[in-house]
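# Results of the structural survey
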Amino acid sequence: MAMLLLATSARCTDADRKPLDEDSLRGYMSGEYDLIGRMPDSTATYTGHVTIRDQNGGLQVTRTIEGKTEKCAARFDTVAGDDRIPVLRIHFHLDGKEYDATYRWQSDPDNYPRFTGYVYLASIKSPGLEALFPIHH
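Summary of the structure given here. The structure displayed is predicted, hence computed values, not measured ones.

Across its full length, the protein chain holds 2 helices and 8 strands. Each helix (α) and strand (β) of the protein chain, taken in turn from the N terminus, gives the series α-α-β-β-β-β-β-β-β-β. Within the protein chain, the proportion of its 137 residues that are buried is 32%. Restricting the contact set of the protein chain to residue pairs at least 6 apart, pairs at least 24 apart contribute 36%. Roughly 8,800 Å² of accessible area belongs to the protein chain as shown, and the carbon and sulfur atoms make up 53% of that amount.

Rendered as structure tokens:
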């Protein structure tokens, strides 16, 4: 009986999973953010500004760190195999190096998105960290 209940529960969970509503998410995520980060394999920290815009059905990201501005695109993806946890991924350059970042998001108490994620550089031992906090205008 327990096996039957577990199997039925697993099937219901899969059926309840809905694909991401990317159109709504792009509108929800669009805005200005303060960025706080730590470099991969380092204790060095940095701050900056991030702008996320819904552009032609995609997310355009503008990152400004220490006066240097980089534009890149973000894409929705999933991680954790069958759990299919939604994430936002970006690929960007900083100081001549190529980085990848993977962010999870959640709503803050005012219902604005807040992002936390890992920043990766090829052949690292410890990923960097970033948090993006919405700027309320």
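The discussion continues.
Let's shift gears to the environment of Asp 34. Tracing the backbone shows Asp 34 in strand E1 (residues 31-38). Residue class for Asp 34 comes out partly exposed when judged on its relative accessible area of 39%. Along the backbone, Asp 34 and Arg 63 are 29 residues apart, and their C-alpha atoms lie at a distance of 9.9 Å. Discounting chain neighbours no more than four positions away, the residues touching Asp 34 are Gly 48, Ala 131, Leu 132, Phe 133 and Ile 135.

What follows deals with the nonpolar core. Met 29, Leu 88, Ile 90, Phe 92 and Phe 115 are the most contacted members of the largest nonpolar core, which has 25 residues in total. Mapped onto this core, the elements with two or more residues apiece are helix H2 (22-29), E1, strand E2 (45-55), strand E3 (58-65), strand E4 (68-79), strand E5 (85-94), strand E6 (97-107) and strand E7 (113-121).

Let us look at the sheet that holds E1. On the basis of which strands lie adjacent, the closed barrel formed by 8 strands has the order E1-E2-E3-E4-E5-E6-E7-E8 and antiparallel pairing. Shown here is a sheet whose adjacent strand axes are inclined to one another by a mean of 30 degrees, direction ignored. Where E2 meets E3, 8 bridges bridge the pair, whose relative direction is antiparallel. When the bridges of E3 are listed, Arg 53 appears paired with Gln 60.

What H2 keeps buried is the set Leu 25, Arg 26 and Met 29. Down the axis of H2, the smallest arc covering the buried residues is 100 degrees, so these residues share one side. Immediately downstream of H2, the backbone of Gly 31 shows phi near 160 degrees, a positive value.

Turning next to the environment of Ile 135. Along the chain, Ile 135 falls in the segment after strand E8 (128-134). With 102 residues separating them along the chain, Ile 135 and Tyr 33 place their C-alpha atoms 5.2 Å apart.

What follows concerns the pattern of salt bridges. Close approach of charged atoms allows side chains with opposite charge to pair. Scanning all chains against the criterion turns up 9 salt bridges. A salt bridge links Asp 95 to Lys 68; the shortest N-O distance between them is 2.7 Å. A residue pair is termed long-range when its members are at least 10 positions apart, and Asp 95 in the loop between E5 and E6 and Lys 68 in strand E4 qualify at 27 residues. Residue Lys 68 is classed as partly exposed on the basis of its relative accessible area of 45%. Each of Glu 22, Asp 23, Arg 26 and Asp 54 takes part in one network of salt bridges that share partners.

Let's shift gears to the side chain of Thr 62. As for its placement among the helices and strands, Thr 62 is situated in strand E3. By relative accessible area, which is 18% here, Thr 62 ends up buried. Among residues more than four places away in sequence, those in contact with Thr 62 are His 49, Val 50, Thr 51, Thr 69, Glu 70 and Lys 71.

On the surface, Tyr 118, Tyr 120 and Leu 129 cluster together into a nonpolar patch covering about 280 Å² of accessible area. Tracing the sequence through the fold places Tyr 120 in strand E7. Note on Tyr 120: relative accessible area 36%, which makes it partly exposed.

Basis of the calculations
- Residues numbered from 1 in each chain as written.
- Predicted model: local features only at pLDDT ≥ 70, side-chain atom pairs only at ≥ 80, totals over all residues.
- Heavy atoms only, no water.
- Helix = DSSP H or I, 4+ residues; strand = E, 2+ residues; numbered from the N terminus.
- Buried < 20%, exposed > 50% of the residue type's maximum accessible area, 1.4 Å probe, protein only.
- Contact = heavy atoms within 4.5 Å.
- Areas by Shrake-Rupley, 256 points an atom, 1.4 Å probe, with all protein chains shown as cover.
- Core = buried A, V, L, I, M, F, W, Y, C linked by side-chain atoms within 4.5 Å.
- Pairing = 2+ DSSP bridges.
- Axes fitted to C-alpha atoms, helices over the stretch in contact; angles between N-to-C directions.
- Arc of directions from axis to C-beta.
- Salt bridge = Lys/Arg side-chain N within 4 Å of Asp/Glu carboxyl O.
- Patch = residues over 30% accessible without salt bridge, like charges linked within 9 Å, V, L, I, M, F, W, Y side chains within 5 Å.

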